[in-house]
Amino acid sequence: MKPFTTLTAVAAPIDIASVDTDKIIPARFLRKLRTPTSGYEPYLFHDLRLDAEGKERPDFVLNQPAYRNAGILVAGPNFGCGSSREGAVYALMDSGVRAVIAPSFGDIHYANEIQNGMLPVTLAEDTCHALREQLRAKPGSQLSIDLPAQTVSDAQGTKYAFQIDEVYKDRLLKGLDEVGLVLQHLGAIEAFEQRHFNERPWLA
Amino acid sequence: MSTPRTMFEKIWEPHVIVREGDQVLLYVDRNFVHEGSFHAFGALAKEGLKVRRPRQTTAVADHYAPTLNRELGLAGVADSEARDMIELLEKNTAANGVEHFGLDHPRQGIVHVIGAELGLTQPGITITCGDSHTSTHGAVGAYAFGTGASQLKQILATQCIWQKRPKTLRIVVDGALRPGVSAKDVILAIIAKIGIGGATGHVIEYAGSAIRALSMDGRMTVCNMSIEAGARAGMIAPDDTTFEYLQGRPYSPKNGDWERALVWWRTLPTDDGAAFDREVRLEGSTLEPTITWGTIPEEAAPVSAPIPEPRAMSADKRAHAEQALSYMGLTAGMPITDIKIDRAFIGTCTNGRIEDLRAAAAVLKGRKVVVPAWVSPGSSQIKRDAEAEGLDRIFTDAGFEWRASSCSSCAAMNGDTVPAGMRCASSSNRNFEGRQGKGARTHLMSPAMVAAAAVTGRITDVRTLL
Ligand code: SF4
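Throughout, residues of each chain are indexed from 1 in the direction in which the sequence is written. Going through the entries in the order they are written, you letter the chains from A and number the ligands from 1. Restriction of local features to residues with pLDDT of at least 70 applies here, the model being predicted, together with a cutoff of 80 or more for giving and counting side-chain atom pairs; totals for whole chains, interfaces and linings are based on all residues. Side-chain measures were taken over the full set of non-hydrogen atoms in the model, leaving aside hydrogen atoms and water.

Peer 1: Please provide a residue-by-residue account of the side chain of A:Ser83, values included.
Peer 2: Comment: elements are numbered from the N terminus, with helices defined as DSSP H or I runs of at least four residues and strands as E runs of at least two. With respect to the helices, strands and loops of the structure, A:Ser83 is situated in the loop between β2 (72-74) and α3 (87-94). Working definition: with a 1.4 Å probe on protein chains only, accessible area under 20% of the residue-type maximum means buried, over 50% means exposed, and in between means partly exposed. Residue classification places A:Ser83 among the buried residues on the basis of a relative accessible area of 11%. Side-chain atoms alone can form a polar contact between residues adjacent in sequence; in general such a contact is a pair of N or O atoms within 3.5 Å, and within protein one must be able to donate a hydrogen while the other accepts it. A distance of 2.7 Å separates polar atoms of two side chains, one belonging to A:Ser83 and the other to A:Arg85. The contact rule is simple, with two residues in contact once any of their heavy atoms fall within 4.5 Å. In this view, A:Ser83 contacts A:Thr21, A:Asp22, B:Ser132, B:Arg430 and B:Arg435; residues no more than four positions away in its chain are not counted.

As structure tokens, this is what we get:
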């Protein structure tokens, strides 16, 4: 996993509340294989981005020239609610998005972002709202995220502090793989299993 | 005296192996996989890893299973990409020695239906699946939650998951439900009240006399939709209803083990006086059949109400409601019973169980549908049971298509889509834009309400037909 430390990138405002993962990637694309040469970027926000004929909808934010290369999204509450599909994170990552700033996230999607080295940043609702206004006023402007310092800075240099679980922060900074982190505890796991299944043999 | 504990704590604590900051390494007793789990198996193979404890994982083909031509097995899957997905699951599970219920297996069904049906889902245990509706399994008194592909890979490789302890929320529904009001109406009313993010970061315990009075099928319907309020899991204390349901199931403990399990299971319910982080109460006797009018499950209302006015909502809800009404092609203020429908669908891990089929059949008996309608039982076993009771005849006499078991039109991954612009009365759990197919419009409701809509062509209070 690629470590996440700091990121300065164009940020795009996503004004819809409760963006579900079906919106981020419709179910019909989940059967697609993801390989180094064919990623999930064509499916990102597919039905919001393209009309019935497959033409870009000019009013959708990521179709506008200033936001095309967005590496950060600033969204409304409950981003990534609904289905557990990790394809939503693949579509974001493969399109170059490495961080989402929102007042709150769907629980499973939040974990999925962390697992892939993406950073979900939780900021207050009015801060997110103000940032989106700013980004709309000056399309193409950048935000900077500093994970070690736990801050987001806007174009004026105003800093907003955010909270993140220490364990998640550490894993993101080091780009650690969790299977390895679990297997460090193999001894404890095996001892647990022995006790557990001794007591409840029908579960083994 | 020891401190009173919640059922959640009684399940969580004994499964903690290691603590690190706010996170614990939690042991997973049972895991389920389906066709969508191919990313996890792929990543596992790429890292040269195998499933560490194959006996604790069960696989089933459900999301991509076709509902027609099932007697042909794989050859009956017209869509080659869907066929590849189903075959890939077969290969991945065979390579790892994981038990697999394929298309033509008598135990095939939707993963969240077969778990309890087979007795794999048991009280007191931790259960995972790479699917958000894993919360269903909590209905027997288990801690069951969905994960994405990466965490699923870790569970396959280690049988453990790092997790932060969720907060606890008790939802108490007291009072007797009135005739025509079902478990689906209870959970839709709960979500309408607390909102789609109302339980984020929490595990919900459903309690109260209305919940206790529900059958296992009804309890699974309630727990299933916990995720629609953002909860990580939902659970209901095990009692005699649970034990009677589980006894004698293929994977339930047997003989002496059953007795030992029972002693343990009876200790699981929340102690009197145990503290929850939050509590919410609803009065069951005031609930009505409830349907969704919008594009998130919280956008729901009693059938007797008009479609709410976005202008009367708080700012955060208003914008969403306006967009939802435009997508749904509806106007605020119109009676919900004026909504005409084009399709009717009964099935899914929410409402595809035998009682759901019975409730719909009771409405359909002696009546005819006026729109295309189909039913896909939650499992192949339920399909056989329903046929033994003659329910299939009631459905087909009424003009419903009687299909094979699959997720079918819930997420339409198997091709059972609702065409763009069409309005479907559906017993499923999500009314998101495009969930049943690009441009499709979904109204969530109970199976009996779907049946009522199917025979009248509009959303109808089922109580007028009983
Ligand atoms: S029936 Fe629907 S919600 Fe349930 S597992 Fe299948 S697709 Fe998911």
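Peer 1: Explain the domain arrangement of chain B residue by residue, including any values.
Peer 2: Residues and elements named next belong to chain B. If you check the domain split of chain B, you get domain 1 (7-163), domain 2 (167-286) and domain 3 (296-464). By convention here, the domain bounds are inherited from an automatic or database domain assignment. Summarising the inter-unit geometry, the C-alpha centres of domain 1 and domain 2 are found 22 Å apart. Every contact between the two is made by 30 residues of domain 1 and, on the other side, 33 residues of domain 2. Buried area adds together the accessible area that both of two parts lose upon being put together, with accessible area traced by a 1.4 Å probe. Approximately 2,700 Å² of surface area, both sides summed, lies buried where domain 1 meets domain 2, with 63% of it carried by carbon and sulfur atoms. Sorting the residues of domain 1 by area buried against domain 2 places Met-7, Lys-10 and Ala-139 first, and these three jointly supply 24% of that buried surface. By salt bridge we mean one thing: a side-chain nitrogen of Lys or Arg within 4 Å of a carboxyl oxygen of Asp or Glu. Counting every contact that joins domain 1 to domain 2 gives one salt bridge. In this structure, Lys-10 engages Asp-271 in a salt bridge whose closest nitrogen and oxygen atoms are separated by 2.7 Å. For the side of domain 1 that touches domain 2, the secondary structure elements donating two or more residues are α1 (7-12), β5 (99-101), α4 (111-117) and β7 (143-146). For the side of domain 1 that touches domain 2, the leading source of residues is α1, giving four residues. The nonpolar class holds Ala, Val, Leu, Ile, Met, Phe, Trp, Tyr, Cys and Pro. Asp, Glu, Lys and Arg form the charged class, and all remaining residues, Gly among them, are polar. Broken down by class, the residue content of the side of domain 1 that touches domain 2 amounts to 15 nonpolar, eleven polar and four charged.

Peer 1: I'd like to hear about the sheet that holds strand β16 (residues 373-376) of chain B, residue by residue, with values.
Peer 2: All names here are of chain B. Taken in spatial order, the five strands of this open sheet run β17-β16-β15-β18-β19, and their pairing is parallel. Unpaired on one side and paired on the other, β17 (401-402) and β19 (441-444) mark the two borders of the sheet. Of the strand pairs in this sheet, strand β15 (residues 343-347) and strand β18 (residues 423-426) are connected by three bridges, and their pairing is parallel. Counted as the bridge partner of Arg-343 is Cys-424 from β18. Here a strand pair is declared whenever DSSP counts at least two bridges between the two strands.

Peer 1: Before we move on, can you summarise the nonpolar core with the specific residues and values?
Peer 2: Among the nonpolar cores identified, the biggest contains 83 residues, and B:Tyr143, B:Ile171, B:Ile190, B:Tyr206 and B:Trp265 are the most heavily contacted of them. For this core, the element with the highest residue contribution is helix α6 (residues 183-194) of chain B, accounting for eight residues. Taken domain by domain, the makeup of this core includes at least three residues from each of domain 1 (7-163) and domain 2 (167-286) of chain B. Apart from the residues lying within four places of it in its own chain, the contact partners of B:Tyr206 are B:Ile171, B:Ile187, B:Ile190, B:Ile211, B:Val222, B:Cys223, B:Ser226, B:Gly234, B:Met235 and B:Ile236. Only buried residues count toward a nonpolar core, which is a set of Ala, Val, Leu, Ile, Met, Phe, Trp, Tyr and Cys residues joined through side-chain atoms within 4.5 Å. One finds A:Ala9, A:Leu143, B:Tyr64 and B:Ala411 within the second-largest nonpolar core, a separate group that totals 69 residues.

Peer 1: Summarise the pairing of strand β3 (residues 99-102) of chain A; cite the residues concerned and give the values.
Peer 2: All names here are of chain A. Side chains of β3 alternate between two faces, with Ala-99 and Ile-101 and Val-100 and Ala-102 buried alike. The pairing of β2 with β3 spans three bridges and is parallel. Looking across to β3, one finds that Val-74 is bridged to Ile-101. Here four bridges tie β3 to strand β4 (residues 119-122), and the two strands are oriented parallel to one another. Its bridge partner being in β4, Ala-102 is matched across the sheet by Thr-122.

Peer 1: How would you summarise the interface of chain B and chain A if you had to cite specific residues and measurements?
Peer 2: Tallying the contact residues gives 65 residues for chain B and 60 residues for chain A. Counting the surface lost from both chain B and chain A, the interface buries some 5,000 Å², and carbon and sulfur atoms represent 55% of this. There are ten salt bridges connecting chain B and chain A. Between B:Glu81 and A:Arg31 there is a salt bridge, and its shortest N-O distance comes to 3.6 Å. Seen at the junction of chain B and chain A, the total is 20 residue pairs in polar contact (both at pLDDT 80 or more). For the side of chain B that touches chain A, the secondary structure elements donating two or more residues are β1 (16-20), β2 (23-27), α2 (38-46), α3 (80-96), α5 (149-158), β8 (160-164), α10 (255-265) and α11 (315-328) of chain B. Among the elements that make up the side of chain B that touches chain A, the one with the highest residue count is α5(B) (seven residues). Class assignment of the residues belonging to the side of chain B that touches chain A gives a composition of 24 nonpolar, 20 polar and 21 charged.

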